Amino acid sequence: AQSVTQPDIHITVSEGASLELRCNYSYGATPYLFWYVQSPGQGLQLLLKYFSGDTLVQGIKGFEAEFKRSQSSFNLRKPSVHWSDAAEYFCAVGVREYGNKLVFGAGTILRVKS
Amino acid sequence: DAMVIQNPRYQVTQFGKPVTLSCSQTLNHNVMYWYQQKSSQAPKLLFHYYDKDFNNEADTPDNFQSRRPNTSFCFLDIRSPGLGDAAMYLCATSRGGTGNTEAFFGQGTRLTVV
């Protein structure tokens, strides 16, 4: 069965510091992978996605993620965090049937300290 | 320009009183999804429509139903809400097929059961 693991429930970083959020997936085929961000009380906004090709993908708001098949990972990174990045981040794998339903990880809450 | 619109943003209903949440889209996507997200948890797929074909997740309670009268609209009906059904309900859409499609989410409806 498909699954996504985000091992860090909470992460706190200082403003201006670099960030890496971890994501590991389990899926029987080549995965479609996504990172979404959710601010409190809001819906999900897509940060970036991987379907195929270059394993380093760029997203919005200065985020990037690297797909590593050998490690079944899709970690999210940002070189310099801004206070507005404080939110919850979800990694997801797209299950390729009937239009790619998503299986989400449990999420990582990012806190940014000034 | 909102592309997936959920109404209302906040809904309060009484224990056992039927409630309907609505979702509309301007993307003309084939697939519409309903996810349930309880506090501090990942979104969990309840069901989805691929065009007119309804696909229920195996563990979705019978208390939850859905209707899709046309391409643009999809409704979530909770026949007898219990306290455990209090959650954020997220609607999403995507293009059909098994290709590299992404899901677009609405802002969600926060359901409170009193």
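Going by the structure above, here's the rest.
This section reports on the structure supplied with the text. (Residues numbered from 1 in each chain as written. Chains lettered and ligands numbered in written order. Predicted model: local features only at pLDDT ≥ 70, side-chain atom pairs only at ≥ 80, totals over all residues. Heavy atoms only, no water.)

Here the focus is the state of the cysteines. Residue and element names in this part refer to chain A. Taken as a whole, this structure holds two disulfides over all chains when the rule is applied. One disulfide in the model links Cys 23 with Cys 91; its S-S distance is 2.0 Å. Judged by the torsion about the S-S bond (-65°), the Cys 23/Cys 91 disulfide is left-handed. In this pair, Cys 23 is assigned in the loop between strand E3 (19-21) and strand E4 (24-26) and Cys 91 in strand E10 (residues 87-95), connecting sequence segments 68 residues apart. (Disulfide = S-S within 2.5 Å. Helix = DSSP H or I, 4+ residues; strand = E, 2+ residues; numbered from the N terminus.)

This part is about the packing of aromatic side chains. Counted by the stated rule, this structure contains 18 aromatic pairs over all chains. Ring centres of Phe104(A) and Tyr35(B) lie 5.7 Å apart, and the angle between their planes is 85°; this geometry places the pair in the edge-to-face category. Taken as a pair, Phe104(A) in strand E11 (residues 101-104) and Tyr35(B) in strand E4 (residues 31-37) lie in two separate chains rather than in one. We classify Phe104(A) as buried; its relative accessible area is 8%. On the basis of an interplanar angle of 45° and a centroid distance of 5.6 Å, the ring pair of Tyr35(B) and Phe105(B) is categorised as tilted. A residue pair is termed long-range when its members are at least 10 positions apart, and Tyr35(B) in strand E4 and Phe105(B) in strand E10 (residues 104-105) qualify at 70 residues. Residue class for Tyr35(B) comes out buried when judged on its relative accessible area of 0%. Grouped by ring-pair contacts, the aromatic residues Tyr32(A), Phe34(A), Tyr36(A), Phe51(A), Phe90(A), Phe104(A), Tyr33(B), Tyr35(B) and Phe105(B) constitute a single cluster. (Phe/Tyr/Trp six-rings, centres within 6.5 Å; stacked < 30°, edge-to-face > 60°. Buried < 20%, exposed > 50% of the residue type's maximum accessible area, 1.4 Å probe, protein only.)

Function cannot be inferred from these measures alone, as they are strictly geometric.
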